[in-house]
Amino acid sequence: MRPDQLSPAPPAAGTDPRRPAWLLALTGLVLLGFVLDIALGPVRIPVAAVVKILLGQPTDNPAWTFIVREIRLPKALTALAVGSGLAVSGLQMQTLFRNPLAGPSVLGLTAGAGLGVAAVMLAGGGVANGFAIRALGLGGSWTLVLAATVGAALVMTLVLALSARVRDNVVLLIVGLMIASVTGAIVSLWQYFSAPEQIQEYLLWTFGSLGGVVGSHLAVLAAVVTVGLVLAFASAKPLNALLLGENYARSMGLVVGRSRTLIIASTSLLAGAITAFCGPIGFVGIAVPHLTRALLRTADHRLLLPAACLAGAALTLACDCVAQLPGSQTSLPLSVVTSLLGAPVVLWVVLRRQNIRSSLT
Amino acid sequence: MPPPLPAPLLTAADLVVGYAAQKVSRPVAGPLQLSLWPGELVCLLGPNGAGKSTLLRTLAGLQPPLSGQLGVAGQSLAGLSAPARARQLSIVLTDRLDVGNLTVRELVRLGRYPHTGWLGGLTAHDEAQVQAALHATGTAAFAARPVGELSDGERQKVLLARALAQDTPVVLLDEPTAHLDLPNRVALMRLLHHLARQTGKAILLSTHELDLALQAADRVWLLPAGGALHAGTPEDLVLSGAFAAAFVHEGLAFDAATGTFALHAPTGPAVQLVGDGAAAFWTRRALEREGFVPTTAPAPLCVTVPPPGATGWLSQVADQPPQAHATVAELLRALRRGPAQP
């Protein structure tokens, strides 16, 4: 085709002008959720005061400043990291496996991270005693992250190795479920032979919580999630090529093995680190990609990745606000809230859009 | 038509294609000597299982050859980096597409993959190439539609547009006419022939549409199961008998006189067919279906077809008076009763 024979391309034809608007709206939602998440809790702090504290201005109540700086800001930042990390990890898995049901939890990735955590927490006494983990500081948190990441990466590698042999996505999904089941069984077996106080610590971890990730832990989580997100954004172009399947991707010049490794590394880092610190938080990873695709009506990962980040963060912040149970002193486990509230929201969006078929993939 | 370049775009020497698993190599076809020239449309024909898809996948670099050399634009295919290879060869596969939200234009834009930077941003030149590919394939009208909503024929044209947007000298297509109805098959072949002429690309496609391939292809690569590949213009291959030989084991006889495969085995007596034109052609087909052996030599049974513009068939048994029939159906009815019960 000679370019001189061409008619000029119509500018930006086929792109939806509402897409930037959606990105802006999602950013607004994240900011709103961020401030609300800090304002709500056992001690209610006025939104105006929250904004003042966040901007570094003095307030009339020093206790508020302490609560925001030491407890709620770290928690809200954790929510940002968890929401965006899980959503991006799910998006990458769904594209890599070309399976709408793929996600960190369904294919055994979360279970693998859980096995890593269980190995550290339950491995009987020694340096990595369950009670000692939170008190271990930076060294301990690295151990935990490493264990969870290795666990997640092991499962992911296993699933991928099998995916090379199994061509059928449904069969692969069953394989993933079986791996998750086996991993879960190993953890159960481990619990069965462990001391009750060790099990309690592990059980609390499985409920999922954004609290308690402060100081050096938060720094570690933020660093690992940042690395995972950077890797994911660097994979935007390969992910787009993989939409057509591995053969087409290879014919277009993609080095499939290298890209696959990059995507696995990113997904395992994200899901592994988040699961290590906050426990298995279901639903966000599998549902937010669908929500994003339905809202933006695109399959372009250069748009989907940032949108999934924003949507995941907004949804997690909203769920954490609800988990505070306004007017109560207790808070609900986060993983319960994400599923109870998030699933109907996604169902509503997808069904209302009448494009369930096209939003899956 | 641009003047043909002196060098072939794609060459293969002693190429053996197949699969290697656990140290056991299972060759499917080869050794093959191949060359693709600029501006030609080549059809790869052969029975199922002869290795057409394997050969195409090997030529595209999707799987390594078991042995032999592959050259693209004067360089060894194995020595090219993946993006460099993707700038020389593009392929349309039979893989199922499941791309949901992707619009036609977005899918075609993916073809620019080997030409863009690490983020995949498209320049004005890239967009112009995409637009040209959409225009050349007649898909510009539905560029904004999601790929999932297209018909089979439309989707095949969009996949071709993606390969064209990749802007490679060689375009390979694996059974692009499968799942298409006859008008779409003809339209696609005509489009490919036109593209090869207009753009100077070498286009190689595998197909089971023998009659279409014989009409449209500049050259045919004939790949019989387990045999040696024959390359040549379709007419030479038909006249030399290579074409008939390639498909003979399927129990079919290729008739070089009509360019078709005989669907019906002859069981009845010879019939002398007198006349010519469309009426003679279709009468011959009807007689063959009934098991007769139409011939131009004198036979006890004789059928005369109406001259152009007229109707009315005459059948005559030996020296009895001729009978007139208004339609082919009546003629056949009479013949079924005819010689058996006079």
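Rules and cut-offs
Positions within a chain are numbered from 1, following the residues in the order the chain's sequence is written. Ligands are numbered from 1 and chains lettered from A, in the order in which they are written. With the structure being a predicted model, the display of local features is reserved for residues of pLDDT at least 70 and the display and counting of side-chain atom pairs for 80 or more, all residues being used for whole-chain, interface and lining totals. Hydrogens and water molecules were not included; the side-chain quantities draw on all heavy atoms of the structure. What counts as a helix is a DSSP run of H or I of at least four residues, what counts as a strand is a run of E of at least two, and both are numbered from the N terminus. Contact definition: two residues touch when any of their heavy atoms are within 4.5 Å. Method for areas: the Shrake-Rupley scheme with a 1.4 Å probe, in which residue coverage is limited to the protein chains shown. Summed over both partners, the accessible surface that disappears when two parts come together, traced with a 1.4 Å probe, is what is meant by buried area. Here, a salt bridge means any Lys or Arg side-chain nitrogen found within 4 Å of an Asp or Glu carboxyl oxygen. What qualifies as a polar contact is a pair of N or O atoms within 3.5 Å, subject to a donor-acceptor requirement within protein and to the restriction that residues adjacent in sequence count only when both atoms come from side chains. A fitted line through C-alpha atoms serves as each axis, taken over the contacting stretch for helices, and the angle formed by two N-to-C directions is quoted from 0 to 180°. Roughly parallel here means an angle under 35 degrees, roughly antiparallel means over 145, roughly perpendicular means 65 to 115, and every remaining angle is called oblique. Only Asp, Glu, Lys and Arg are considered charged in this grouping, and only Ala, Val, Leu, Ile, Met, Phe, Trp, Tyr, Cys and Pro are considered nonpolar; every other residue, Gly among them, is considered polar. Note: two strands are recorded as paired if DSSP finds a minimum of 2 bridges between them. Here's how the labels work: a residue is buried when its accessible area is under 20% of the maximum for its type, exposed when over 50%, partly exposed in between, all with a 1.4 Å probe on protein chains only. Patch definition: residues above 30% relative accessible area lacking any salt bridge, with like charges linked at up to 9 Å and the nonpolar side chains Val, Leu, Ile, Met, Phe, Trp and Tyr linked at up to 5 Å. Across the chain, each position has a pLDDT score giving the predictor's confidence in that residue, from 0 to 100. With strands facing away from the observer, any crossover in which the path from the first strand over the helix to the second runs clockwise is taken as right-handed.

A short note on the overall build of chain B
Step number 1: On a plain count of helices and strands, chain B comes out with 11 helices and 17 strands.
Step number 2: Of all intrachain contacts in chain B linking residues separated by at least 6 positions in sequence, the fraction that spans at least 24 positions is 63%.
Step number 3: Summing over all exposed atoms, chain B offers an accessible surface of approximately 15,700 Å²; the carbon and sulfur share of this is 56%.

Let's talk about the interface of chain A and chain B
Accessible area lost when the parts come together is the quantity often used to give the size of an interface.
Step number 1: Taken together, the contact between chain A and chain B spans 37 residues of the former and 51 residues of the latter.
Step number 2: Buried area between chain A and chain B, summed over both chains or domains, comes out near 3,700 Å², and the portion from carbon and sulfur atoms is 56%.
Step number 3: Linking chain A with chain B are 0 salt bridges.
Step number 4: Across the chain A-chain B interface, the total number found is 8 residue pairs in polar contact (both at pLDDT 80 or more).
Step number 5: Elements that contribute at least two residues to the side of chain A that touches chain B include exactly helix H9 (236-242), helix H10 (246-251) and helix H15 (356-359) of chain A.

Some thoughts on the packing of helix H3 (residues 62-97) of chain A against helix H12 (residues 284-296) of chain A
What describes two packed helices is the angle between their axes and the distance between those same axes.
Residues and elements named next belong to chain A.
Step number 1: In the contact formed by H3 and H12, the axes pass within 7 Å of each other and the chain directions differ by 75°. As summarised for this structure, H3 and H12 are arranged roughly perpendicular, according to the angle between their axes. Seen from H3, the contacting residues are Gly 83, Leu 86, Ala 87, Gly 90, Leu 91 and Gln 94; seen from H12, they are Val 284, Gly 285, Ile 286, Val 288, Pro 289, His 290 and Arg 293.
Step number 2: A breakdown of the residues in the contact of H3 with H12 according to their chemical character gives 7 nonpolar, 5 polar and 1 charged.

Notes on the sheet that holds strand E14 (residues 293-295) of chain B
All names here are of chain B.
Step number 1: Pairing is mixed in the open sheet, where 5 strands are placed in the order E14-E13-E15-E16-E17. Two strands bound the open sheet, and with one partner strand each, they are E14 and strand E17 (323-325). With strand direction ignored, the average angle separating the axes of adjacent strands in the sheet is 30°.
Step number 2: Contacting strand E15 (301-304), strand E16 (313-317) and E17, helix H11 (residues 328-337) runs over the sheet at an angle of about 10° to E16.

Thoughts on the sheet that holds strand E8 (residues 202-206) of chain B
Residue and element names in this part refer to chain B.
Step number 1: Taken together, 6 strands build an open sheet; the order of strands is E6-E7-E8-E3-E9-E10 and the sheet is mixed. This sheet does not close on itself; its edge strands, each paired only once, are strand E6 (89-92) and strand E10 (230-232). Pairs of neighbouring strands in the sheet enclose a mean axial angle of 15°, with direction left out of account.
Step number 2: Here 4 bridges tie strand E3 (residues 41-45) to strand E9 (residues 219-222), and the two strands are oriented parallel to one another. Bridge pairing in E9 places Leu 44 opposite Trp 221.
Step number 3: Seen against the sheet, helix H1 (residues 52-59) touches E3, E6, strand E7 (170-174), E8 and E9 and runs at an angle of roughly 150° to E7.
Step number 4: Its contacts with the sheet place helix H5 (residues 152-165) against E6 and E7, and it is angled at close to 170° to E6.

Re the pattern of salt bridges
Step number 1: As enumerated under the stated definition, the model contains 15 salt bridges over all chains in all.
Step number 2: Across the salt bridge formed by Arg 250 of chain A and Glu 246 of chain A, the nearest N and O atoms sit 3.9 Å from each other. Residue Arg 250 of chain A and its partner Glu 246 of chain A are both found in helix H10; the two are separated by 4 residues, about one turn of the helix.
Step number 3: Measuring nitrogen to oxygen at the nearest pair gives 3.0 Å for the salt bridge that ties Glu 290 of chain B to Arg 336 of chain B. Within this pair, whereas Glu 290 of chain B is found in the loop between helix H10 (277-289) and E14, its partner Arg 336 of chain B is found in helix H11, the two being separated by 46 residues in sequence.
Step number 4: By relative accessible area, which is 51% here, Arg 336 of chain B ends up exposed.
Step number 5: Residues participating in the shared-partner salt-bridge network are Asp 37, Lys 75 and Asp 320 of chain A.

Observations concerning a nonpolar patch on the surface
Residue and element names in this part refer to chain A.
Step number 1: Among the surface-exposed residues, Leu 29, Leu 32, Leu 36, Val 47, Val 51 and Leu 55 lie close enough to one another that they form a single nonpolar patch of about 510 Å² accessible area.
Step number 2: Those elements that provide at least two residues to the nonpolar patch are helix H1 (19-39) and helix H2 (47-54).
Step number 3: Ranked by residue count, the leading element in the nonpolar patch is H1, at 3 residues.
Step number 4: Structurally, Val 51 is set in helix H2.
Step number 5: Here Val 51 falls in the partly exposed class, since its relative accessible area comes to 34%.

Details of the confidence of the model for chain A
Step number 1: The pLDDT averaged across chain A works out to 78; a share of 81% of its residues lies at or above 70.
Step number 2: The low-confidence segment residues 1-14 of chain A, where pLDDT is below 50, has 26 contacts with residues more than four positions distant or belonging to other chains.

Topic: the pairing of strand E13 (residues 270-274) of chain B
Residue and element names in this part refer to chain B.
Step number 1: Where E13 and E14 come together, 3 bridges link them in parallel fashion. The residue of E14 that forms the bridge with Val 271 is Pro 294.
Step number 2: What joins E13 to E14 is H10, and the crossover it makes is right-handed.
Step number 3: With 4 bridges connecting them, E13 and E15 associate as parallel partners. Looking across to E15, one finds that Leu 273 is bridged to Val 303.

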